[in-house]
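# Topology and contacts: notes
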Amino acid sequence: MPLFEGAEGQELGSFASRLETRELAQGDVLMAQGEESRFFAIVVDGDLRVSRRSPDGGSQEITVGAPSVIGELAMLTGQPRTATVTTITPAKVLTGGAGEFQLLLELPGLQNRLQRVVSGRLAEHAVSVSAELPDGTPVLLHPLRASDREDFIAAYENLSLKSLENRFFSGGQPPRSLIEYLLRLDYVNHFAWVVVDPAAPEGGLAEARYVRLGASPDTADIALTVTDAYQGRGIGSLLMGALGAAAGAAGIERFSADVRGENGAMLGLLKKAEAVMGPYEQGVVNGIVSADRAAMMVPDGLRLQLQRVASDLVTAAGLGMI
């Protein structure tokens, strides 16, 4: 399996020797949505259906086969199973409990590979949070995910030159390498929210992100991007509050923002967030905002929902915190 590439034979053998081999018949239920998570499984042979019921009565289904790992999300988050896994064909799986899962995480290089798989998968299934702009316009917020890629790129391609300059401090479209960087999140050190229209969720309205500073891990750079049609409608306060709500789970206490002197909207947002402003240098000013103060820019109920979504992602992605 690609997941285990680079693991030493002896260490991998010790891990494998503790797994239980299970032979499943067609139609057997391996895991059930809502039950307590006691084990994970490595699919060695056969095809399985993963089905998930949503609160609104809808359902999602995917098929998984060998080689793959299933059930690891619930092991990481400590939450009940989020899906039911049923065999489509006779199957063979290897299962392990909490002790084996700890051994799995200790295999060299495994944490980083599993982190990328887990965080990306959890982001895809993260609940969208409903909110309203000051004028009553309904919107949805969710963590940026791999499936947002094309919409994300299209949104940047449609920004005006002024908006691009305010965001990247230079005119013209950003290089593709920068766009690719903005799409690669680990949800602990680099987190992003996107805002969409519930009636047209395929088109993004805005996004906001933080990137933790390596030299000061309790501080993160932030950046907000709002499509031209939605600028001046209060979406910046919503995004600032959403970033603040997500920061606590990752241990981020403050935000740092570099802003062009001509960017009156962002300067006004920093003032509203009670930022401590530095001196202008070459037309750019830096503002420092308390993450807790930023989180207070959204109503209590909304803040709690955003915190819950972000906390689940950080817990799953931050394997070093487990």
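Everything discussed here concerns the structure shown above.
None of the values given here were measured: they were computed from a predicted structure.

## Observations concerning the overall build of the chain
On a plain count of helices and strands, the chain comes out with 11 helices and 16 strands. Its C-alpha atoms give the chain a radius of gyration of 22 Å, near enough to 20 Å, the size a compact globule of 322 residues would have. For the chain, the spread of C-alpha atoms along the principal axes amounts to about 65 × 45 × 35 Å. The buried share of the chain, reckoned over its 322 residues, is 47%. Put simply, of all contacts in the chain between residues at least 6 apart along the chain, 67% involve residues at least 24 apart. A total accessible area of about 15,400 Å² is found for the chain, and carbon and sulfur atoms account for 51% of it.

## As for the sheet that holds strand β1 (residues 20–24)
Taken together, four strands build an open sheet; the order of strands is β1-β8-β3-β6 and the sheet is antiparallel. Each edge of the open sheet is held by one strand with a lone partner, namely β1 and β6 (68–70). Neighbour-to-neighbour, the strand axes of the sheet open up by a mean angle of 30°, direction not taken into account. Judged from the five bridges that link them, strand β3 (residues 40–45) and strand β8 (residues 91–96) form a sheet pairing that is antiparallel.

## Let's talk about the pattern of salt bridges
Inspection of the entire model under this criterion finds 14 salt bridges. With a closest N to O distance of 3.2 Å, Glu 207 and Arg 209 form a salt bridge. Both residues of the pair, Glu 207 and Arg 209, count as buried. Across the pair Arg 303 and Asp 300 runs a salt bridge whose closest N-O atoms are separated by 2.6 Å. Of this pair, Arg 303 and Asp 300 both sit in helix α11 (residues 300–317), three residues apart, which is roughly one turn of that helix. Judged by its relative accessible area of 11%, Arg 303 falls in the buried class. For Asp 300, a relative accessible area of 49% puts it in the partly exposed group. Counted as one network, the salt bridges with shared partners bring together Glu 165, Arg 260 and Glu 262.

## Remarks on the side chain of Ser 256
Position of Ser 256 relative to the elements: it lies in strand β14 (residues 254–260). There is a polar contact of 2.8 Å between the side chain of Ser 256 and the side chain of Asn 286. For Ser 256, the contacting residues outside a window of four places in its chain are Thr 219, Ala 220, Asp 221, Ile 222, Asn 286, Gly 287 and Ile 288.

## Structural notes on the sheet that holds β14
One open sheet accounts for eight strands, arranged β9-β10-β11-β12-β13-β14-β16-β15; its pairing is mixed. In the strand order of this sheet, the two ends are held by β9 (129–132) and β15 (276–277), each with one partner. Inspection of the sheet shows strand β12 (residues 200–213) paired to strand β13 (residues 216–226) by eight bridges, in the antiparallel sense. In the strand pairing of β13, Arg 209 is matched with Ala 223. Helix α5 (residues 149–157) contacts β12 and β13 of the sheet and is inclined by roughly 90° relative to β12.

## A word on the environment of Gln 102
Examined against the element boundaries, Gln 102 turns out to sit in helix α3 (residues 98–106). Sequence-wise, Gln 102 and Leu 24 are 78 residues apart; in three dimensions their C-alpha atoms are separated by 25 Å.

## What to know about the pairing of strand β16 (residues 284–290)
In β16, alternate side chains face the same way, and those of Val 285, Gly 287 and Val 289 are buried while those of Val 284, Asn 286, Ile 288 and Ser 290 on the opposite face are not. Summarising the sheet, β14 and β16 pair through seven bridges and their orientation is antiparallel. Within β16, the residue paired with Ala 257 across the bridge is Gly 287. Direction of pairing for β15 relative to β16: antiparallel, over a ladder of two bridges. The residue bridging Val 276 from the neighbouring strand is Ile 288, located in β16. If you look at the hairpin formed by β15 and β16, you'll find six residues sitting between the two strands, and Gln 282 has a positive phi there, around 55°.

About the cut-offs
Residues numbered from 1 in each chain as written. Predicted model: local features only at pLDDT ≥ 70, side-chain atom pairs only at ≥ 80, totals over all residues. Heavy atoms only, no water. Helix = DSSP H or I, 4+ residues; strand = E, 2+ residues; numbered from the N terminus. Rg over C-alpha atoms; globule rule 2.2 N^0.38 Å. Buried < 20%, exposed > 50% of the residue type's maximum accessible area, 1.4 Å probe, protein only. Contact = heavy atoms within 4.5 Å. Areas by Shrake-Rupley, 256 points an atom, 1.4 Å probe, with all protein chains shown as cover. Pairing = 2+ DSSP bridges. Axes fitted to C-alpha atoms, helices over the stretch in contact; angles between N-to-C directions. Salt bridge = Lys/Arg side-chain N within 4 Å of Asp/Glu carboxyl O. Polar contact = N/O pair within 3.5 Å; in protein donor to acceptor, adjacent residues only side chain to side chain.

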